[in-house]
Amino acid sequence: MLAVVRFILDALFPPQCVPCGKKLPSSSRFVSACDECVARIPIRSGFICSMCGARQPTLHNECHKSAIVIAAATDYTNREAQMLIHALKYNRVRSTTAPLVHVLMQYISSRKELAAHGGFLLVPIPLHKKKMRERGFNQAELIAEMLYTKLPDKFSYCGNALIRTRDTQSQTAQKSHTERNKNMKDAFVVQNDYGIKGKIIFLVDDVSTSGATLREASRALKNAGARSVFGLVVAKA
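Residues numbered from 1 in each chain as written. Predicted model: local features only at pLDDT ≥ 70, side-chain atom pairs only at ≥ 80, totals over all residues. Heavy atoms only, no water.

**Q** Just give me the short version of the environment of proline 57, but keep the residues and values in it.
**A** When you line up the elements, proline 57 lands in the loop between strand E2 (55–56) and strand E3 (69–75). With 54 residues separating them in the primary sequence, proline 57 and arginine 111 have C-alpha atoms 10.0 Å apart. Contact partners of proline 57, with chain neighbours within four places excluded, come to Phe47, Arg111 and Glu113. (Helix = DSSP H or I, 4+ residues; strand = E, 2+ residues; numbered from the N terminus. Contact = heavy atoms within 4.5 Å.)

This is the structure we're talking about:
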């Protein structure tokens, strides 16, 4: 019965590629993006210092040793990546999670530090409960959960390790690094430290701008006993 309903809905309202608007056949790999648009999303090389944005060849930060290193799959300046993320985050098109996770998986397979090792713990950046009620879901959680299901031999997953204690303003509304750092200060606490101690953790989010969100969440996790903490995002703005 569900298959019949889905067939009728697809016939009346065929799925479309979010970036280019092309109608997608039922055999399409993704429900919300065509293969051509996904292929136009460039995969980054290396890693990024969250403090100054300098490229890092490995996960070991060489310029600001205390700052979290970010593994970003692509750049937010890319039109296709930006439209898919925007559709997920603001238009509630959850099906864009799949192509975004595909981009992350391409990046992970291209980095030997990630591809050759496992035992990493994925922790999504949490939303405040007010924002969660408004949006209905946490995009970072959707991305982390799907990535875990795709690569269970490499990652484990803890969706409730962190909670957001304050309803912070949007980081994009902050005009300087100082304002962004102040906006995120003491915004996270660990509520499940038993699964954190001694772990190598990747904090998952859709986009990183100044890195302040990841740095503050990392600080909370390290204080709870995490061995190492890194950022893992679809795009770096």
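Continuing now.
**Q** Report on the side chain of lysine 154, specifying residues and quantitative values.
**A** Of note, lysine 154 is situated in the loop between helix H7 (139–150) and strand E5 (155–157). Reaching out from lysine 154, the side chain makes a polar contact with the backbone oxygen of leucine 114 at a distance of 2.7 Å. (Polar contact = N/O pair within 3.5 Å; in protein donor to acceptor, adjacent residues only side chain to side chain.)

**Q** Which residues make up the packing of helix H3 (residues 79–90) against helix H4 (residues 97–110), and what values go with them?
**A** Axis separation between H3 and H4 bottoms out at 9 Å; the angle between their running directions is 135°. With respect to their mutual orientation, H3 and H4 come out oblique. When the axes of H3 and H4 are compared, the crossing they make is left-handed. For the pair formed by H3 and H4, the contact residues are Ala81, Leu84, Ile85 and Leu88 on the first element and Thr97, Pro99 and Leu100 on the second. Here the residues of the contact of H3 with H4 sort into six nonpolar, one polar and no charged. (Axes fitted to C-alpha atoms, helices over the stretch in contact; angles between N-to-C directions. Parallel < 35°, antiparallel > 145°, perpendicular 65-115°, else oblique. Left-handed = near helix turned anticlockwise from the far one by under 90°. Nonpolar A, V, L, I, M, F, W, Y, C, P; charged D, E, K, R; others polar.)

**Q** Which residues make up the pairing of strand E9 (residues 228–236), and what values do they have?
**A** Taken residue by residue, a regular strand's side chains alternate between the two faces of the sheet. Extensive coverage of E9 is indicated by the burial of eight of its nine residues. As paired elements, E3 and E9 share five bridges and run parallel to each other. Looking at E9, one finds that isoleucine 70 is bridged to glycine 231. Bridge count between strand E8 (residues 200–208) and E9: eight bridges; the pairing is parallel. Note on E9: the bridge partner recorded for valine 207 is alanine 235. After leaving E8, the chain enters helix H9 (residues 212–223) and then returns to the sheet as E9, a path that is right-handed. (Buried < 20%, exposed > 50% of the residue type's maximum accessible area, 1.4 Å probe, protein only. Pairing = 2+ DSSP bridges. Right-handed = clockwise from strand over helix to strand, strands pointing away.)

**Q** For the pairing of strand E4 (residues 120–124), give the residues involved together with the corresponding values.
**A** With respect to burial, E4 is a largely interior element, five of its five residues being buried. Bridge count for E4 against E5 is three bridges, and the pairing is parallel. The residue bridging leucine 121 from the neighbouring strand is serine 156, located in E5. Across five bridges, the pairing between E4 and E8 is parallel.

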